[in-house]
Amino acid sequence: MNMAINPPHNGVDPEVQVFLQDVISGLSRDQKTLPCKYLYDESGSRLFERICELKDYYVTRTEADIFSGKLEQMASAIGPDALIIEPGAGNCEKVEPLLEELTSPAGYMPMDISPEILLAARARIQARLPNLHIHAAVGDFTARAVWDELPAMKARRRVIFFPGSTIGNFDPDQASVLLSSFANRLSTGDALLIGTDLDKDPVVLERAYNDSEQVTARFNKNLLKRINTELGADFDLSMFSHRSFYHPIRQRVEMHLVSLADQSVHIRGETFHFREGETIHTENSHKYTLEGFKTLLKSVGFSTAYQWTDPSNHYAIHFAEV
Ligand code: AVI
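Residues numbered from 1 in each chain as written. Predicted model: local features only at pLDDT ≥ 70, side-chain atom pairs only at ≥ 80, totals over all residues. Heavy atoms only, no water.

## Quick word on the packing of helix 1 (residues 14-27) against helix 8 (residues 215-231)
For any two helices packed against each other, the geometry comes down to the angle between their axes and how far apart the axes lie.
Piece 1. Two elements in contact, helix 1 and helix 8, have axes whose closest approach is 11 Å; the angle formed by their N-to-C orientations is 130°. Between helix 1 and helix 8, the crossing angle belongs to the class labelled oblique. Every pair of crossing elements has a handedness; the one defined by helix 1 and helix 8 is left-handed. Where helix 1 abuts helix 8, its residues V16, F19, L20 and V23 lie against R226, I227, E230 and L231.
Piece 2. Classifying every residue of the contact of helix 1 with helix 8 gives 6 nonpolar, no polar and 2 charged. (Axes fitted to C-alpha atoms, helices over the stretch in contact; angles between N-to-C directions. Helix = DSSP H or I, 4+ residues; strand = E, 2+ residues; numbered from the N terminus. Parallel < 35°, antiparallel > 145°, perpendicular 65-115°, else oblique. Left-handed = near helix turned anticlockwise from the far one by under 90°. Contact = heavy atoms within 4.5 Å. Nonpolar A, V, L, I, M, F, W, Y, C, P; charged D, E, K, R; others polar.)

In C-alpha cells:
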C-alpha cells in the first residue's frame, strides 16, 4: 500500500492552503458556492452516517434493499474470476455481501484517500473472506496514481463498483468526465456496477433533504463551522439557515445556506458581504431517469445490460459493459 504523506512546506499545510483557495474563490462568485467535498470532515462524515439512517432519507435504505434482493442476479451478471474495484470505497461496507456472493472473485481493490479507514476495512473483510486477494490503494480516485496499481491485478474481467448515488453529486458534465475516465481504465468485456437516485415526486425528494430531525441542516451548517475552525473565519452559525429544494429543470436537489441578515464574514484578511436572503450553494444531488442514465453511459462507451430498481422506482443500480 502506498502510504506517502505530503510534508507541510514552510509550515503551511498544502491541504489547508487548497481549502482556503477553494473557499475564497467560491465565496467571490456572484452565486456564492462551496465545493460539496468539504462537507465531509470528521463531524460531517458522522452526520452523513446519521442521514443514511433517517426515515426521511430513503436513498441508502433503498439501495441496500435492491442489493440484497438482486445479489444473485448481480453475481451471475458479473460471473467468476472478476476483480472488483471500488473508487472512494470508505469503510467498504456496501461491497461485502457482493464479494461473498461472487464465484471465485479474482480480487478486491478498494481506493480511498484515508489509509486508516482502508486498513480497518481490509482487516474486517479479510477476516470474513480469508481467501480473497485484497489490494487497498490509498489515494484520490480522480487522480491517475491509484489506477497505476491496477495492471498488476490479474482477472478475467474488471468491474468498477460505484454505489451510493455518489455520481449524483457531480454535475452532468463532470459526471460524464468521471464515467468516461472509468471507461478508459477498463477494456472490452469489463463492466461498471453503479447506483443512482431516480427522479421522482418532489415531495419525497424535498423531505429527504429537509429531514424532520434536522440532521441534514446540521450537516450543511457544519461546513461553516469547519471553515471557522480550520481557516479562522468568523461565520456566526445562528445567522445562516439550511435550505434544500428540488429544481425540476435541472433535475436535482440543491442545498444552500441562507444568510438571515445583511452581514460580513472575515476569512484570513478577506471580507465577504452577504445580503439578507443571499445563499451559499453547497451541494447538488442530481436525479436521473433510467433512460437518461443509460444514454449518459452510452455516450461514454458503456452499454447497459441490466437496471435493477425497487418497487417504487425510487432508486436504480445499473450494470453496464464496455
Ligand atoms: C453522498 N450523496 C450521495 C448524498 C446525496 O444524497 O446527494 C449527500 C447528501 N446531502 C444531503 N443529504 C445527503
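## Some details on the confidence of the model for the protein
Piece 1. Predicted confidence across the protein gives a mean pLDDT of 94, with 97% of residues reaching 70 or more.
Piece 2. Ignoring residues within four places in sequence, the model shows residues 1-8, a span with pLDDT below 50, making 11 contacts including any to other chains.
Piece 3. The ipTM assigned to the predicted complex is 0.99, against a pTM of 0.93. (pLDDT = per-residue confidence, 0-100.)

## Things to note about the sheet that holds strand 2 (residues 82-87)
Piece 1. In spatial order, the strands read 4-3-2-5-6-13-12; together these 7 strands make up an open sheet with mixed pairing. The two strands at the open ends of the sheet, each matched to only one other strand, are strand 4 (137-138) and strand 12 (303-309).
Piece 2. Pairing between strand 3 (residues 107-112) and strand 4: 2 bridges, direction parallel. Bridging across to strand 4, D112 finds its partner in V138.
Piece 3. Helix 6 (residues 172-185) contacts strand 2, strand 5 (157-162) and strand 6 (191-197) of the sheet and is inclined by roughly 160° relative to strand 5. (Pairing = 2+ DSSP bridges.)

## What to know about the sheet that holds strand 1 (residues 32-33)
Piece 1. Here we have 4 strands laid out as an open sheet, ordered 1-11-8-7, and mixed in their pairing. The sheet terminates laterally at strand 1 and strand 7 (240-247), the two strands that pair on one side only.
Piece 2. Of the pairings in the sheet, the one linking strand 8 (residues 252-259) to strand 11 (residues 279-286) comprises 7 bridges and is antiparallel in character. Each residue of the ladder has a partner; that of H256, found in strand 11, is H281.

## Quick word on the site of the ligand
Piece 1. Taken together, Y40, F48, Y57, G164, S165, N169, Y209, T216, F219, E283 and S285 form the complete shell of residues around the ligand.
Piece 2. The contact in question runs from an oxygen atom of the ligand to an N or O atom on the side chain of Y57, over 2.5 Å.
Piece 3. For the ligand, the accessible surface in isolation is 340 Å², of which the surrounding protein chains cover 96%.
Piece 4. When residues of the shell around the ligand are traced back to their parent elements, those giving at least two are helix 8 and strand 11. (Near = heavy atom within 4 Å. Polar contact = N/O pair within 3.5 Å; in protein donor to acceptor, adjacent residues only side chain to side chain. Areas by Shrake-Rupley, 256 points an atom, 1.4 Å probe, with all protein chains shown as cover.)

## Concerning the pairing of strand 7
Piece 1. Across the two faces of strand 7 the burial differs, with F240, H242, S244 and Y246 buried and S241, R243, F245 and H247 not buried at all.
Piece 2. Relative to strand 8, strand 7 runs antiparallel, the two sharing 8 bridges. Of the residues in strand 8, the one forming a bridge with R243 is H256. (Buried < 20%, exposed > 50% of the residue type's maximum accessible area, 1.4 Å probe, protein only.)

## Things to note about the packing of aromatic side chains
Piece 1. As enumerated under the stated definition, the model contains 16 aromatic pairs in all.
Piece 2. Look at F235 and F240: their rings are 5.5 Å apart centre to centre, the planes differ by 70°, and that puts the pair in the edge-to-face class. Pair check on accessibility: F235 and F240 agree, each one buried.
Piece 3. A ring pair is formed by Y306 and W308, whose centres lie 5.1 Å apart and whose planes are at 5°; its orientation type is stacked.
Piece 4. On the basis of relative accessibility, which here comes to 40%, the residue Y306 falls in the partly exposed class.
Piece 5. A residue is classified by how much of its surface remains accessible, and W308, at 5% relative accessible area, is buried.
Piece 6. Chaining the aromatic ring pairs together yields one cluster made of F141, W147, F162 and F182.
Piece 7. Of note, K32 hangs over the ring of F274, and the distance from its end group to the ring centre comes to 4.9 Å.
Piece 8. A cation over an aromatic ring shows up here: R226 above the ring of F19, its NZ or CZ 4.7 Å from the ring centre. (Phe/Tyr/Trp six-rings, centres within 6.5 Å; stacked < 30°, edge-to-face > 60°. Lys NZ or Arg CZ within 6 Å of the ring centre and 35° of its normal.)

## Points about the pattern of salt bridges
Oppositely charged side chains can form a pair if their charged atoms are brought close together.
Piece 1. Following the criterion strictly, the structure yields 14 salt bridges and no others.
Piece 2. Of the charged contacts in the structure, one is a salt bridge between D148 and R144, with a shortest N-O distance of 3.2 Å.
Piece 3. Given a relative accessible area of 57%, R144 falls into the exposed group.
Piece 4. The salt bridge partner of R275 is E278, with a shortest N-O separation of 4.0 Å.
Piece 5. One network of salt bridges, with partners in common, ties together E96, E100, R124 and R128. (Salt bridge = Lys/Arg side-chain N within 4 Å of Asp/Glu carboxyl O.)

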